[in-house]
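# An overview of the molecular structure
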Amino acid sequence: MSKLVAVLVLGAGLSSAHLQPAIGREGANFNGAWSVELVTESGICDSRYSYSVSVQDGQVRLVSSAERATMTGRVGTDGTVGLSVSNGSATGAASGRLDARSGRGTWKVSPLCSGSWTARRQTTRTAQAE
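Residues numbered from 1 in each chain as written. Predicted model: local features only at pLDDT ≥ 70, side-chain atom pairs only at ≥ 80, totals over all residues. Heavy atoms only, no water.

### What to know about the environment of Leu 62
- Position of Leu 62 relative to the elements: it lies in strand 3 (residues 59-62).
- By relative accessible area, which is 15% here, Leu 62 ends up buried.
- Between the C-alpha atom of Leu 62 and that of Thr 72, which follows or precedes it by ten residues, the distance is 9.0 Å. (Helix = DSSP H or I, 4+ residues; strand = E, 2+ residues; numbered from the N terminus. Buried < 20%, exposed > 50% of the residue type's maximum accessible area, 1.4 Å probe, protein only.)

Written out as structure tokens, the structure is:
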């Protein structure tokens, strides 16, 4: 069950490493890689989970995942996040909002546990020789 929680958090509020202009595609401003951290506030799940997700044209994809976990979700043009996750018979949901560099929201794996998530956009840096 702890693996499901970790996957849920990742998918819930993650998106892009570079702010790109929208080109009429839903969630395009959030395209890229995101680091997500889940914190359990009630229930029997582990206290903290960290994952990576990717957003492409509003579709959220789990990059680092638990075994057999699946995730479906979207980021809207306004940064609204909605996610469903399953792992075996356990299912959960996450919601929240992203902005250009970060995000936050809540998650729940009924009836086992619930908590909050935070996301941070990953940045890509290119090394330059002197």
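### Some details on the side chain of Asn 31
- Here Asn 31 lies in the loop between helix 1 (2-12) and strand 1 (32-43).
- Engagement of the side chain of Asn 31 in a polar contact is seen with the backbone nitrogen of Asp 57, the distance being 2.6 Å. (Polar contact = N/O pair within 3.5 Å; in protein donor to acceptor, adjacent residues only side chain to side chain.)

### Quick word on the pairing of strand 4 (residues 70-75)
- Along strand 4, the buried face is formed by Met 71, Gly 73 and Val 75; none of Thr 70, Thr 72 and Arg 74, which line the opposite face, is buried.
- What sits between strand 4 and strand 5 (residues 80-87) in their antiparallel hairpin is a turn of four residues, with Gly 79 showing a positive phi close to 90 degrees. (Pairing = 2+ DSSP bridges.)

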